[in-house]
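# Breakdown of the fold
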There are 2 protein chains.
Amino acid sequence: MLENITAAKLKNMTLKELIALCEEAREVITSTVLKNGGHLSSNLGTVELTVALHYVFDFPEDKLVFDVGHQCYTHKLLTGRYKNFCTLRQKGGVSGFPKREESPYDCYDTGHAGTSVSAALGIAKARDIKGEDFNVIAVIGDGSFNNGLIYEAFNSLRLLNSKILLILNDNGMSIAPTVGSMHEYLEILSEDMAHKSKVERHGKIFERFGFGYDGVYDGNDLETLIGKLTEVKARLKTESVILHILTKKGKGYTFCEEDPEATHGISNGGAPAEREEYSDVLGKTLVRLAEKNKKIVAVTAAMTSSLGLSEFFEKYPERSVDVGICEEHATILCASMATEGLKPYYAVYSTFLQRSFDEILIDICGQNLPVTLCVDRAGISGADGETHQGVFDLSFLSLIPKLTVAVPKDLTEFEKMIEFSADFDAPLAIRYPRDGKRAFGKCEKIVAGKWETLERGDGKYAVLACGERALTQAYMGVNELRRAGINVTLINARFVKPLDTETLDSLEEEYVLTVEDNVLIGGFGSLIAAYMGGNRKIIKNFAYPDEFIPQGGVAELMKERGVSAEQIVNYIKDNENR
Amino acid sequence: MLENITAAKLKNMTLKELIALCEEAREVITSTVLKNGGHLSSNLGTVELTVALHYVFDFPEDKLVFDVGHQCYTHKLLTGRYKNFCTLRQKGGVSGFPKREESPYDCYDTGHAGTSVSAALGIAKARDIKGEDFNVIAVIGDGSFNNGLIYEAFNSLRLLNSKILLILNDNGMSIAPTVGSMHEYLEILSEDMAHKSKVERHGKIFERFGFGYDGVYDGNDLETLIGKLTEVKARLKTESVILHILTKKGKGYTFCEEDPEATHGISNGGAPAEREEYSDVLGKTLVRLAEKNKKIVAVTAAMTSSLGLSEFFEKYPERSVDVGICEEHATILCASMATEGLKPYYAVYSTFLQRSFDEILIDICGQNLPVTLCVDRAGISGADGETHQGVFDLSFLSLIPKLTVAVPKDLTEFEKMIEFSADFDAPLAIRYPRDGKRAFGKCEKIVAGKWETLERGDGKYAVLACGERALTQAYMGVNELRRAGINVTLINARFVKPLDTETLDSLEEEYVLTVEDNVLIGGFGSLIAAYMGGNRKIIKNFAYPDEFIPQGGVAELMKERGVSAEQIVNYIKDNENR
C-alpha cells in the first residue's frame with residue numbers, strides 16, 4: 001500500500017487498512033535500516049503516531065517538526081519517498097533526517113536535540129503575524145526533553161501567544177535510558193495514565209507554562225491515537241497542548257524491544273563493527289588511569305556507551321556523570337569540578353560539542369581549568385549527513401585562548417595522549433574519528449605543542465598532516481612520491497594548537513602542504529598559512545571547502561573535497577612538471 | 001567600617017552595626033560606579049543579602065557563586081578589595097565580575113547568564129567525591145533564571161545528589177523587565193509571600209526537581225535575611241533549597257529605583273553618552289524599513305533598549321519578540337520564522353552570540369535561511385573585561401558555511417548595509433562596535449562580497465581593513481605614510497566573508513597588510529593568509545594575539561595588542577629602511 005500512498009488515499013482507509021499500512025512501514029524500515037544503517041528503534045516506536053498524524057492533520061499545509069529527526073522515516077514513506085527509501089543515508093539518497101530540500105512535507109531541518117519546540121513556536125508565530133490558519137505540531141522524544149532549549153521555549157509560550165501541539169513521545173530512552181527529574185516526573189504522569197487517574201492534577205508543570213495536557217497510555221494503539229489527536233486538534237484553536245504518549249522503542253522488532261540502546265543507531269552492514277574504535281581506547285585507558293588517579297571523573301550527555309565509557313561508569317559510579325542531553329550543563333559541571341581540583345573528562349561527539357562553544361570559551365578556558373574534552377566522531381562522520389559532520393571543531397576550538405588542541409595520528413598515539421592529559425594542568429581537547437588503527441609503528445613521547453617528523457625529504461616539499469585520516473592520506477601520498485623519486489618531508493602535526501613553531505621555523509622546504517579532516521576556514525591549514533604569512537613559502541592546504549557536507553561514505557566524501565593521497569601526489573607532480 | 005572589615009569582625013557586629021555597614025557599602029558602590037561606570041542597580045539591590053550571607057556562612061571555605069556577577073560588588077568590598085575598589089573596571093584594577101585570580105573568595109568566574117546553578121552543583125559534587133564538608137551557594141537573578149541552563153541543572157539535581165543552596169534574587173528585572181512564564185510563576189509565589197500564605201503549595205515546581213523552597217518577602221531586610229539563611233543553612237545537610245527573595249533593584253538610590261533599566265549599566269562618566277551609537281542607527285533604519293516591509297521582525301534576548309530597538313518594539317509590537325535571556329531559543333525562533341517567509345533580525349551583543357553558535361550553524365545556515373544577525377558590541381568592549389570582549393565573532397562566524405559576514409566602516413555604511421540586508425535572501429551577520437561616527441565621506445553601493453578601494457598607492461603596499469575601528473587606524477596610518485612619501489593602497493574590506501577574491505586577485509602589491517578588531521586566529525587576517533598562501537606575497541596581520549583580553553580602555557587595549565596606526569606605520573617604515 002505504501003508504494004502509491006497519498007494523503008487522500010490514507011484518509012479514506014479503514015482502521016484495518018491503516019494498521020496493515022503500519023505493519024508495512026515497519027517492515028520497510030526494518031529491512032532498509034538493517035541494510036543501510038540508520039535509526040531503527042526510535043523509528044519503529046513512532047509508526048502508529050505518524051500514520052495517525054497524517055490521518056488527522058493536513059500536511060503540508062499543517063506543519064510537522066521532528067525533534068532531532070530520529071523518528072521521521074514513516075513520515076518519509078508516507079510523503080512520496082517510498083520508492084527512493086532504499087537509498088536511505090546513501091550518497092545522493094534519502095536523508096535520515098528531515099530536509100526541506102527533499103520535500104515540502106519537511107518544514108524544518110533537525111539533527112541536534114531540543115530545537116523542535118522553538119521551531120514550532122517560530123512557525124506558529126509567523127503564521128499569526130501573516131494572519132494565516134494552519135496547525136503546527138512538534139514531535140519530541142523524552143530524551144530531547146531534557147535539553148535546556150525546551151525550557152526556554154516553554155518560558156515564552158504565553159509571551160508569543162501562538163498555539164502549537166507538542167507531542168511528547170515518551171519511550172523512556174534517549175540513546176541511553178533517559179535520566180533526570182523531568183524523566184521521573186514523566187514516569188509519575190505515566191503511572192497516572194496507567195491507572196486512568198489524576199492526569200489532570202499532575203499536568204500542572206506544563207500548565208504553568210501555558211500548555212493544556214493530555215495523555216495516551218498506549219501510544220502504539222492506532223485507534224486511540226486517532227481519537228485523541230482528533231480531540232486535541234479541536235483544542236488548538238484556543239490553546240497549546242502537550243500530548244504525552246507512551247510508546248515502545250523498537251516496537252514490533254523483538255531484538256530492538258529487548259535492546260533499544262544498541263539498536264538506536266545501526267551501522268551500515270547491520271552487525272556490530274569489528275574495527276577498533278577510538279572510544280574503546282578512551283574507555284579502557286581512562287578506567288586504567290582512574291584506578292590510581294582518584295581525581296578523574298567522566299561526564300557525558302546521554303551517550304555513555306557510544307563514547308566507550310560504560311565500563312568506567314560501572315567501575316566508578318561515584319565519579320561518573322551522565323546528565324542527559326544537556327551539553328552545556330555538562331561542560332560547566334566539568335569546569336566547576338575542576339575548580340575543586342578534580343580532573344574531569346567530557347566525552348562528546350564533535351557535532352554536539354558545538355552546543356558548548358560559549359561554555360568551553362568562558363567557563364573552561366576563561367578560567368584556564370584542566371578539563372579534557374574528548375571529541376569523538378570528529379571529521380566527516382558519513383551517513384548522518386550535514387547536521388552530524390564533525391568538520392568544524394579544529395576551527396571553533398583553535399580560536400579559543402588557553403586551549404590546547406591535540407589530534408592523535410592513531411590509536412596508540414591516542415592512548416599516549418590520554419595518559420599525557422592526566423598530568424596536563426590546563427584545558428585540552430583531543431579530537432578523533434570513530435574508527436582507527438594502530439597504523440604507525442612510531443610514537444614519540446607526547447609533549448604539548450611538539451610535532452613528530454615521520455619522514456625527511458630532499459628539502460623542497462614538507463607535508464604537515466594532523467589526525468589519522470589526514471595523515472594516512474599524506475603517508476600514502478609521500479610513499480607514492482618516493483617511488484616516483486620525489487622525497488618529501490612528512491610531519492605528524494599532533495598538536496594543532498599550540499603550533500610547533502620551532503619545527504615550523506626550521507622548515508627549509510619551499511612548499512608547505514597541510515592536510516586535515518576539517519574545513520579550511522579557521523582550521524589547521526589556516527593556522528599554518530597565517531603563521532607563515534611573513535615569509536615567501538608556498539602554502540597549499542588540503543582541507544574541506546566552505547560548504548555543508550552531505551551524507552555519504554567517508555573516503556569518498558574526503559576525496560571529493562580534495563583531501564586524498566592522490567590529490568597530494570598530483571599537486572606535487574604537477575608542480576615538478578611545470 | 002568597610003576599610004578594615006574581616007570575616008571575624010563582621011560576625012561579631014550587632015544588627016545595628018551591620019545595617020550601618022550596608023549603608024556604607026551602598027555609598028561606596030554608588031560613588032564608585034558613578035565615577036568608573038559599572039552595574040549599579042543590581043548591586044544596590046543585593047547589599048543586605050551579601051552582608052547576611054557573609055554573616056551566616058564561612059567563606060572562602062563555603063563557596064559563593066554569583067550568576068553573571070552583576071551583584072558581586074558588596075562581596076568584593078567585604079573580602080579585602082575595599083582599598084582598591086576605586087580602580088573598579090579600570091585597567092589593572094578590580095574587575096566588575098567575580099575573578100578567581102583576584103581573590104580566594106571568588107570561587108567561580110562568571111559573566112554570561114545561567115551558569116551558576118551548574119557551577120554550584122559541580123563544586124558540590126566535587127566536594128562529595130572528595131568527602132569534604134562545606135556549603136555551596138549560588139545567587140541568581142530572576143533574569144538569568146529564564147536561561148535554559150537552569151533547567152538542565154535542575155534536571156540533574158537528584159541525579160547528582162549533591163546539596164546546594166540556590167538564592168533566587170527576584171527583582172523582576174533582567175536588564176529590561178523579566179518576561180516569560182517562569183517570571184509569572186515567580187510573581188504568583190511573591191503574592192503568596194505578601195499574604196504569608198500558600199508558599200508551600202506553590203513551591204511545587206521546584207520540589208519536582210528536588211529542591212526545598214522557602215521565601216523572604218523583604219529581601220532588603222537584613223534581620224529577616226539573617227534569620228532565614230540561618231534556618232536554611234541547617235536544612236542543607238539533608239536537602240537542596242531554593243530561597244526566593246524579593247529585592248528592589250537600585251535599592252536606596254532613588255534615580256535607580258525609578259529607572260532600573262537605564263541604571264543597570266552605567267558608562268564611565270555617569271551621564272548618558274552623547275556619541276552616536278550603532279544601535280541607534282539599527283533601530284531607526286529598521287523602523288523605517290519595517291514600515292513598508294511587513295515581513296521584518298525583530299528579536300532580542302532581554303536587551304531591547306541597549307540594542308536600539310525600543311522604538312521598533314513600540315511601533316510594531318506584533319512583529320517584536322523579546323524572549324528573555326534565551327539566546328539559543330531566540331536564534332531558532334528567527335530561523336523558523338524565516339522558513340515561513342518572514343525576515344527576522346536578531347540583535348545581540350557579540351559575546352552573547354557565542355551561546356548560539358550551534359543554532360546559527362545548524363538552524364540558520366544549515367537551512368540557508370535569510371536571518372540577519374545584528375552583532376553589537378563587537379571588538380574590544382572595554383571595561384567589562386574578559387567575559388565580554390567581542391573579539392571572537394569574525395572567527396566563529398566565518399567558519400560557518402552559507403553565512404555572509406559584513407563589517408561596516410562607519411554609521412553611514414551600516415545604514416546602507418541594513419537596507420541591503422532587507423533584500424538579501426540568505427544568512428547574514430553584520431558586526432559593529434558600540435560607538436561610531438559618520439567618518440568616511442565615501443560609501444559605494446553595497447554588493448555582497450565586494451570591497452571598496454579608498455586609496456590607490458604606488459603598488460608596493462596594500463592595507464586591507466575591516467570595520468570602523470580597524471579602518472580608522474589604517475586610514476590614519478596611510479595618511480601619515482603619505483606625508484612621509486609612501487603611498488599605500490587602502491581597502492575597506494566591508495565583507496569578511498565572502499572575500500572579494502576579484503580584488504584580491506588583482507592586487508599587485510607585494511605586501512598585504514590586514515587590520516581588524518578581532519583575534520588573529522580564524523579572523524579576517526587568517527582568511528587572507530589562507531587565500532594568499534599559494535603566492536609569494538608577504539602577509540602581515542594586525543589582529544589580537546591568542547589571549548583573553550582584560551578590562552581597560554578600548555584604544556589602549558587595541559594598541560597594546562598591536563592594532564594601531566602607529567604600528568602599521570612603523571612596520572612599513574621599518575620595511576622601507578631595511
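Presented here is a report on the structure given in the accompanying data block. The shown structure was predicted, so the numbers you read here are calculated from the model rather than taken from an experiment. (Residues numbered from 1 in each chain as written. Chains lettered and ligands numbered in written order. Predicted model: local features only at pLDDT ≥ 70, side-chain atom pairs only at ≥ 80, totals over all residues. Heavy atoms only, no water.)

## Considering the sheet that holds strand β21 (residues 538-544) of chain B
Residue and element names in this part refer to chain B. Taken together, five strands build an open sheet; the order of strands is β16-β18-β17-β20-β21 and the sheet is mixed. Among the strands making up the open sheet, the edge pair consists of β16 (452-455) and β21. Strand after strand, the sheet turns through a mean of 25° between neighbouring axes, direction not considered. Pairing of β16 with strand β18 (residues 489-492) involves three bridges; the strand directions are antiparallel. Bridged to Glu 455 within β18 is Leu 490. Lying on the sheet, helix α21 (residues 468-483) is in contact with β16, β17 (461-465), β18 and β20 (511-519); it crosses β18 at an angle near 165°. In the packing of helix α23 (residues 524-532) onto the sheet, contacts are made with β17, β20 and β21, and the angle to β20 comes to roughly 145°. (Pairing = 2+ DSSP bridges. Helix = DSSP H or I, 4+ residues; strand = E, 2+ residues; numbered from the N terminus. Axes fitted to C-alpha atoms, helices over the stretch in contact; angles between N-to-C directions. Contact = heavy atoms within 4.5 Å.)

## Describing the side chain of Ser 240 of chain B
Residue and element names in this part refer to chain B. By the element assignment, Ser 240 lies in strand β6 (residues 240-246). Using a relative accessible area of 3% as the deciding quantity, one classes Ser 240 as buried. At a separation of 2.9 Å, a polar atom in the side chain of Ser 240 contacts the main-chain amide nitrogen of Ile 164. In contact with Ser 240, not counting residues within four places along its chain, are Leu 157, Ser 162, Lys 163, Ile 164, Gly 210, Phe 211 and Gly 212. (Buried < 20%, exposed > 50% of the residue type's maximum accessible area, 1.4 Å probe, protein only. Polar contact = N/O pair within 3.5 Å; in protein donor to acceptor, adjacent residues only side chain to side chain.)

## A closer look at the packing of helix α6 (residues 116-130) of chain B against helix α7 (residues 148-155) of chain B
Residue and element names in this part refer to chain B. Following both chains from N to C, one finds α6 and α7 inclined at 30°, their axes separated by 8 Å at the closest point. Of the possible angle classes, the one that applies to α6 and α7 is roughly parallel. The segment α6 lies against α7, with Val 117, Ser 118 and Leu 121 engaging Leu 149, Ile 150, Ala 153 and Phe 154. Its residues assigned to classes, the contact of α6 with α7 comprises six nonpolar, one polar and no charged. (Parallel < 35°, antiparallel > 145°, perpendicular 65-115°, else oblique. Nonpolar A, V, L, I, M, F, W, Y, C, P; charged D, E, K, R; others polar.)

## Considerations on empty space enclosed by the protein
Across all of its chains, the model carries six cavities of 30 Å³ or more by this definition. Each pocket or cavity is described by its volume, and for the largest cavity that value is around 150 Å³. Together, 16 residues line the largest cavity, and Tyr 151, Met 182 and Phe 209 of chain A together with Tyr 151 and Phe 209 of chain B are the ones closest to its centre. Elements with a minimum of two residues in the lining of the largest cavity: α7 (148-155) and α11 (204-208) of chain A together with α7 and α11 (204-208) of chain B. (1 Å grid on protein atoms, 1.4 Å probe; cavity = no way out; pocket = protein on both sides within 12 Å on 5 of 7 lines; lining within 4 Å. Points joined across faces, edges and corners; volume = space filled by probe spheres on them.)

## Digging into unusual backbone geometry
Residues and elements named next belong to chain A. Along the chain, Phe 59 connects to Pro 60 via a cis peptide bond; the corresponding omega equals 5°. In this structure, the amide linkage connecting Lys 497 to the following residue, Pro 498, adopts the cis form with an omega of -5°. With respect to the helices, strands and loops of the structure, Pro 498 is situated in the loop between β17 (495-497) and α22 (501-506).

## Details of the relation of the copies chain B and chain A
Overlay of chain B on chain A (RMSD 0.0 Å): rotation 180°, translation along the axis 0.0 Å. Overall, the copies show the geometry of a two-fold rotation axis. Counting the interface residues of chain B, we find that 100% of their copies in chain A are interface residues as well, pointing to one common contact surface. (Least-squares fit on C-alpha atoms with pLDDT ≥ 70 in both.)

## Topic: the interface of chain B and chain A
Listed as interface residues are 105 residues of chain B and, on the opposing side, 105 residues of chain A. Here chain B and chain A share an interface that buries about 8,800 Å² over both sides, 61% of which is from carbon and sulfur atoms. It is Tyr 151, Glu 340 and Arg 536 of chain B that lose the most area in chain B upon contact with chain A, and together they represent 9% of the buried surface on that side. For the interface between chain B and chain A, the tally reads 14 salt bridges. Linking chain B with chain A are 43 residue pairs in polar contact (both at pLDDT 80 or more). (Buried area = accessible area lost by both parts, 1.4 Å probe. Salt bridge = Lys/Arg side-chain N within 4 Å of Asp/Glu carboxyl O.)

## Topic: the packing of aromatic side chains
Within this structure, the stated rule accounts for 50 aromatic pairs over all chains. Between Tyr 278 of chain A and Tyr 432 of chain A, the ring centres sit 5.5 Å apart and the planes meet at 20°, which makes this aromatic pair stacked. Of this pair, Tyr 278 of chain A sits in helix α14 (residues 278-292) while Tyr 432 of chain A sits in the loop between β13 (428-431) and β14 (452-455), placing them 154 residues apart in sequence. Here the aromatic rings of Phe 420 of chain B and Phe 495 of chain B are separated by 6.0 Å at their centres, their planes lie at 70°, and the arrangement is edge-to-face. Of the two residues, Phe 420 of chain B is situated in helix α20 (residues 411-422) and Phe 495 of chain B in strand β19 (residues 495-497); the sequence distance between them amounts to 75 residues. What makes Phe 420 of chain B buried here is its relative accessible area of 18%. Positioned above the aromatic ring of Phe 134 of chain A, the side-chain terminus of Lys 63 of chain A is 5.4 Å from the ring centre. Cation over ring: Arg 319 of chain A sits above Tyr 316 of chain A, and NZ or CZ is 4.6 Å from the ring centre. (Phe/Tyr/Trp six-rings, centres within 6.5 Å; stacked < 30°, edge-to-face > 60°. Lys NZ or Arg CZ within 6 Å of the ring centre and 35° of its normal.)

## Description of the environment of Gln 551 of chain A
All names here are of chain A. By secondary structure assignment, the location of Gln 551 is in the loop between β19 (538-544) and α24 (554-560). One polar contact links the side chain of Gln 551 to the main-chain carbonyl oxygen of Gln 90, over a distance of 2.8 Å. Of the polar contacts made by the side chain of Gln 551, one reaches the backbone oxygen of Val 94; its length is 3.0 Å.

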